[in-house]
Amino acid sequence: LAKTTQPISMDSYEGQEVNITCSHNNIATNDYITWYQQFPSQGPRFIIQGYKTKVTNEVASLFIPADRKSSTLSLPRVSLSDTAVYYCLVGAVYSSASKIIFGSGTRLSIRP
Amino acid sequence: NAGVTQTPKFQVLKTGQSMTLQCAQDMNHEYMSWYRQDPGMGLRLIHYSVGAGITDQGEVPNGYNVSRSTTEDFPLRLLSAAPSQTSVYFCASSSQGYDQPQHFGDGTRLSIL
């Protein structure tokens, strides 16, 4: 099982770019890297997913180096509404032994 | 689309009582899972299923049972509720595949007195 390590918390200000890095040293060949966002009293919500290099969508970018042992979620020009917990997951449902394990996440606080 | 539906949203139980948390998805997903989230903590996997008739244990399975008789439903049973099971419970589903993210329900907030 690929275990992930993220910072416990981060603070930033509105309009700044925020980068959250996740370490996953024992990632398997077929594992994808997925990031989720969770607001209080809600279930986690999918943000972005990648396998290697860079992925960008309308809300975030995901940077993955060639060795895939880490990844960085980049949130451009954050606003107060980006205050949430962000989880990095490594794994995929592809076998009968699949277990998708969440880490503790990164609590991101955005200030005015 | 309804997505993943969890019922009830809130529940209070007394120690020793049993109950079933319901989870249903309408996306024809093979994979379903149950997590618990304690205050200020991440999600911990309780049980999961990769298809109808197939279930397996996650990180914290003790005190919980699951079954998967249909693709749509994945109920979680508390056999004899204990205060340590006070938590928020999330159900999730996804298609099988290397690149399939999970879809989560809104959670069931459970208090055991």
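The following paragraphs examine the structure supplied in this document.

The rules behind the values
- Residues numbered from 1 in each chain as written.
- Chains lettered and ligands numbered in written order.
- Predicted model: local features only at pLDDT ≥ 70, side-chain atom pairs only at ≥ 80, totals over all residues.
- Heavy atoms only, no water.
- Core = buried A, V, L, I, M, F, W, Y, C linked by side-chain atoms within 4.5 Å.
- Buried < 20%, exposed > 50% of the residue type's maximum accessible area, 1.4 Å probe, protein only.
- Helix = DSSP H or I, 4+ residues; strand = E, 2+ residues; numbered from the N terminus.
- Contact = heavy atoms within 4.5 Å.
- Pairing = 2+ DSSP bridges.
- Axes fitted to C-alpha atoms, helices over the stretch in contact; angles between N-to-C directions.
- Disulfide = S-S within 2.5 Å.
- Buried area = accessible area lost by both parts, 1.4 Å probe.
- Polar contact = N/O pair within 3.5 Å; in protein donor to acceptor, adjacent residues only side chain to side chain.
- Nonpolar A, V, L, I, M, F, W, Y, C, P; charged D, E, K, R; others polar.

1. Let's talk about the nonpolar core
The nonpolar side chains of a soluble globular protein tend to be buried with one another.
Here is step 1 of the chain: Counting 20 residues, the largest nonpolar core has Val18(A), Ile33(A), Trp35(A), Ile48(A), Leu73(A), Leu75(A) and Tyr86(A) as the members making the most contacts within it.
Here is step 2 of the chain: Of all the secondary structure elements, the ones that give two or more residues to this core are β2 (18–23), β3 (32–38), β4 (45–50), β6 (61–64), β7 (70–75), β8 (84–91) and β9 (106–111) of chain A.
Here is step 3 of the chain: Sort the elements by how many residues they give to this core and β8(A) lands first, with 4 residues.
Here is step 4 of the chain: In contact with Ile33(A), other than residues within four places in its own chain, are His24(A), Ile27(A), Ile48(A), Gln49(A), Gly50(A), Leu62(A), Ile64(A), Arg68(A), Ser71(A), Cys88(A), Leu89(A) and Val90(A).
Here is step 5 of the chain: Formed by 19 residues, the second largest nonpolar core is a distinct cluster that contains Leu13(B), Ile46(B), Tyr64(B) and Tyr89(B).

2. Digging into the sheet that holds β4(A)
Residues and elements named next belong to chain A.
Here is step 1 of the chain: Overall, mixed pairing links the 5 strands, which are arranged β1-β9-β8-β3-β4 in an open sheet. Only two strands of the sheet have a single neighbouring strand rather than two, namely β1 (9–13) and β4. The mean inter-strand angle of the sheet, taken between neighbouring strand axes irrespective of direction, is 25 degrees.

3. Remarks on the environment of Cys23(B)
All names here are of chain B.
Here is step 1 of the chain: Here cysteine 23 lies in strand β3 (residues 19–25).
Here is step 2 of the chain: By relative accessible area, which is 1% here, cysteine 23 ends up buried.
Here is step 3 of the chain: The sequence separation of cysteine 23 and glutamate 59 amounts to 36 residues, and the corresponding C-alpha distance is 19 Å.
Here is step 4 of the chain: Leaving out residues up to four positions away in the same chain, cysteine 23 has contacts with Val4, Thr5, Met32, Trp34, Glu72, Asp73, Phe74 and Cys91.

4. Side note on the state of the cysteines
Here is step 1 of the chain: Here the structure, examined in full by the defined rule, presents 2 disulfides over all chains.
Here is step 2 of the chain: Here Cys22(A) is linked by a disulfide to Cys88(A), with a sulfur-sulfur distance of 2.2 Å. Between Cys22(A) and Cys88(A) the sulfur-sulfur dihedral comes to about -80 degrees; the bridge is accordingly left-handed. Note that Cys22(A) is positioned in strand β2 and Cys88(A) in strand β8, a separation of 66 residues in sequence.
Here is step 3 of the chain: What pairs with Cys23(B) in a disulfide is Cys91(B), and their sulfur atoms sit 1.8 Å apart. Torsion about the S-S bond of the Cys23(B) and Cys91(B) cystine: about -75 degrees, corresponding to left-handed handedness.

5. A short note on the interface of chain A and chain B
Here is step 1 of the chain: Each side of the interface is counted separately: chain A has 27 residues, and chain B has 28 residues.
Here is step 2 of the chain: Taken together, the two surfaces of chain A and chain B that pack against each other cover about 2000 Å², and 55% of this comes from carbon and sulfur.
Here is step 3 of the chain: Viewed at the interface, chain B and chain A are joined by 3 residue pairs in polar contact (both at pLDDT 80 or more).
Here is step 4 of the chain: At the level of secondary structure, the elements contributing two or more residues to the side of chain A that touches chain B comprise β3, β4 and β8 of chain A.
Here is step 5 of the chain: When residues in the side of chain A that touches chain B are grouped by element, the largest group, 4 residues, is from β3(A).
Here is step 6 of the chain: Of the residues contributing to the side of chain A that touches chain B, the split by class is 13 nonpolar, 12 polar and 2 charged.

6. Quick word on the sheet that holds β3(B)
Residue and element names in this part refer to chain B.
Here is step 1 of the chain: The strand order across the open sheet built from 4 strands is β1-β3-β8-β7, with neighbouring strands paired in antiparallel fashion. Each edge of the sheet is formed by a strand with only one pairing partner; in this case those strands are β1 (4–7) and β7 (64–66). Pairs of neighbouring strands in the sheet enclose a mean axial angle of 20 degrees, with direction left out of account.

7. So, the environment of Gly3(B)
Residue and element names in this part refer to chain B.
Here is step 1 of the chain: Relative to the elements of secondary structure, glycine 3 occurs in the segment before β1.
Here is step 2 of the chain: Under the relative-accessibility criterion, glycine 3 is labelled buried at 14%.
Here is step 3 of the chain: Taking C-alpha positions, glycine 3 is 7.6 Å from glycine 105, a pair spaced 102 residues apart along the chain.
Here is step 4 of the chain: Every residue in contact with glycine 3, bar those within four places of it in the chain, is listed here: Ala24, Gln25, Asp26 and Met27.

8. Comments concerning the side chain of Ser33(B)
Residues and elements named next belong to chain B.
Here is step 1 of the chain: Examined against the element boundaries, serine 33 turns out to sit in strand β4 (residues 31–37).
Here is step 2 of the chain: A polar contact of 3.1 Å, which involves the side chain of serine 33, links it to the side chain of glutamine 102.
Here is step 3 of the chain: Apart from the residues within four sequence positions on either side, serine 33 is in contact with Leu45, His47, Tyr48, Phe74, Phe90, Cys91, Ala92 and Gln102.

9. Digging into unusual backbone geometry
Here is step 1 of the chain: Omega for the peptide link from Thr7(B) to Pro8(B) comes to -5 degrees, which places this bond in the cis form.
Here is step 2 of the chain: By the element assignment, Pro8(B) lies in the loop between β1 and β2 (10–13).
Here is step 3 of the chain: Phi at Arg68(A) takes a positive value of approximately 60 degrees, unusual for a residue other than glycine.
Here is step 4 of the chain: With respect to the helices, strands and loops of the structure, Arg68(A) is situated in the loop between β6 and β7.
Here is step 5 of the chain: Residue Arg68(A) is classed as buried on the basis of its relative accessible area of 8%.

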